Amino acid sequence: MSPQLPPVAPAVTAELVAALSPRLRKRLDSGITKLADRPVVRDGAVVRIAVDDDTDLELHAPDGAVRGTDAVRCGCLLAPDCLHRAAAASLAPVAKDINSPAGPDDPATEEDAAQAPETASPEQRAAVRAVQLATSAVLEAGTDGAGAVLQAELLRAAHTARLAGLHRAAATAVSVVTALRAARAADPAYHLTDLVAGLCDVLSVAHRLPGASGGELTALRGTARQPYRPDGSLRLYGLFSEPVLTASGYAGAVTWTADAEGRLYQVSDVAPGGAGRAVGAADRAVRIGDTALTHRELARAGLAVSGATVSPTGRLGAGTGVRAVRAPGAGWQEEPVARLWAEPVSDQIARALAGGRDLLFLDVILTGTATEAAGDCLLADCAGVPLRLTAAHDDPALPHRDNLRLLSAARGARLRVVARLTPAPHPRAQLLAAEHPSRADTRLDIGLDRLQGADVPTPAAAPSGSVPVPVPAPVSASDEAPIHLLRRRVHQAVSGGRPVLALPGDTRADVRHLRRSGLATAAELLTDLHSAAADRAHDVFGRLRPTDPDRFARAWLAAAHYTSELDRALCLAAWTS
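Residues numbered from 1 in each chain as written. Predicted model: local features only at pLDDT ≥ 70, side-chain atom pairs only at ≥ 80, totals over all residues. Heavy atoms only, no water.

Caption draft 1: Examining the overall build of the chain more closely. A tally of helices and strands in the chain yields 20 helices and 15 strands. Burial statistics for the chain: of 577 residues in total, 50% are counted as buried. Here the chain displays about 25800 Å² of accessible surface, and carbon together with sulfur accounts for 53% of that area. (Helix = DSSP H or I, 4+ residues; strand = E, 2+ residues; numbered from the N terminus. Buried < 20%, exposed > 50% of the residue type's maximum accessible area, 1.4 Å probe, protein only. Areas by Shrake-Rupley, 256 points an atom, 1.4 Å probe, with all protein chains shown as cover.)

Structure (structure tokens):
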């Protein structure tokens, strides 16, 4: 996916692909590949792609995004019925709605619940059914088979859902398309777990919404935008900054702050762009009030805000009535910031797994490194709990991996860190920021600051009287619940589609292993998933009937939901045992 192209509205891509003849639809994916290698030039609000030496294709984005099919213009002889317009729209990032939909984690208010209809309307049930069918088709094909045509069908269903007021389904369906494109383009920002979570949420909403009512229906419908509500005057203390780099073509930085009560607030600067924008965003002035503070400076200073507006997730608004001036900050060892690290780890984990903030404030001792498929991670002791600290981003333009590599030489060093919880059967989190407790000038934003060899903390700098901490013994695979046997099949289905699970094979050994481990439900779900994948009945003439994507999608959803919930339970047990 080219970060140089402007985002294109979902309905535009869907309409352009639908207008193609069956012959051109078959050539769409190859057309996208060819177009991706062509030169791109930006001229103000117009982006031109050189289709060949004599033909240009233009995308007009006056507000930063392409909002209509007439804004995609091609100069070839077959235009406007050519392949190039649909290929360009399918290659570009998916534009967010002008009123950004709230995601599944945005809580519905009591007022929203009171105004919610008793049941979903016929229009909403029809729209969510269209999303369900399009998502099931994507799951049936897997990332390898879910090309531009299937993506366009899901975008069309997402657009219909948004018009019907189903903002959560629409937003998550668009995120699924974005993840599919990233997977097919081998984008470093792509993570299979994100696509699995997106598919699971879309199918779950589609399954539950027709019979929902009241507050549950409100939560499943979502809201058209995050409401910013007045929050008076705030005295904030900078904590750290992190880069934002998404597979959907957005980049920037977010700076996290806290008030005197420990509530977290974010100052965000995210816009269309690539890794270069993520790297440079830290040195741009924050978009709030008249302050000249950059994100990097705010992370170590403070902010006094009047007329503040705040979203339900803690994001600060930047409206015309907001005033902000620089104020003194507070170190991580000083109040009121230090109270974030004083909260028991078990309470932090429980809140994160219950849908609250997923940031963890931890005191750790580095104990070594471990090699994983995704790269090396740091091993640490966190109050007796063996913890794995991983990189939040793999893009080489960001310093996450390099910083973790240098920190691996600091075995025995004590660090105060901020990390983002990764639900897993063992304690695991993404390292976001770190500071050596004895040196307040060593605070490091892992994704923005490049650590030098001379900056690496050493065990010698630890407080006097400390004793070496032994490396925690690795958890034996035989000691872990073998839920990976089911999770692997869930992930294989997303990558390779139903045919991968329909291949001949004996799953009885895995089923027996799950049952012996007390996971009888997992064993039944694994059996049903393979059965649904291989279910190909014959008609009276002996011909194979078409597969039932609904049955396979239901079986997959049940398995995915079960593994997710069990992972949460095992995660909580691992951190608190």
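Caption draft 2: Highlighting helix α10 (residues 214-221). Taken together, the buried positions of α10 are occupied by L217, T218 and L220. Buried residues in α10, looked at end-on, bunch into an arc of 165°, giving them a common side. Remark: G222 follows α10 within two positions and exhibits a positive phi of approximately 75°. (Arc of directions from axis to C-beta.)

Caption draft 3: The packing of aromatic side chains, seen in detail. Considering all chains together, one arrives at three aromatic pairs under this definition. With a centroid separation of 6.3 Å and 10° between ring planes, the pair formed by F240 and W256 is classed as stacked. Within this pair, whereas F240 is found in strand β5 (residues 229-245), its partner W256 is found in strand β6 (residues 250-258), the two being separated by 16 residues in sequence. For the pair formed by F240 and W256, the shared burial category is buried. Arranged with centres 5.0 Å apart and planes meeting at 80°, the rings of W341 and F361 form a pair that is edge-to-face. Within this pair, whereas W341 is found in helix α13 (residues 339-342), its partner F361 is found in strand β10 (residues 359-372), the two being separated by 20 residues in sequence. (Phe/Tyr/Trp six-rings, centres within 6.5 Å; stacked < 30°, edge-to-face > 60°.)

Caption draft 4: Highlighting unusual backbone geometry. Cis rather than trans, the peptide bond between A79 and P80 has omega equal to 5°. With respect to the helices and strands, P80 occurs in the loop between β4 (72-74) and α4 (83-91). In this model, E335 is joined to P336 through a cis peptide bond whose omega is 5°. Checked against the element boundaries, P336 lands in the loop between β9 (323-327) and α13. Here A186, not a glycine, exhibits a phi torsion of approximately 55°, which is positive. With a phi close to 55°, A383 is a non-glycine residue in the positive phi region. Among the structural elements, A383 can be located in the loop between β11 (375-382) and β12 (385-390). The exposure class assigned to A383 is exposed, which follows from its relative accessible area of 72%.

Caption draft 5: The side chain of Q132, seen in detail. Within the secondary structure layout, Q132 lies in helix α6 (residues 122-145). A relative accessible area of 17% means that Q132 is categorised as buried. Contact partners of Q132, with chain neighbours within four places excluded, come to L203, A206 and H207. (Contact = heavy atoms within 4.5 Å.)

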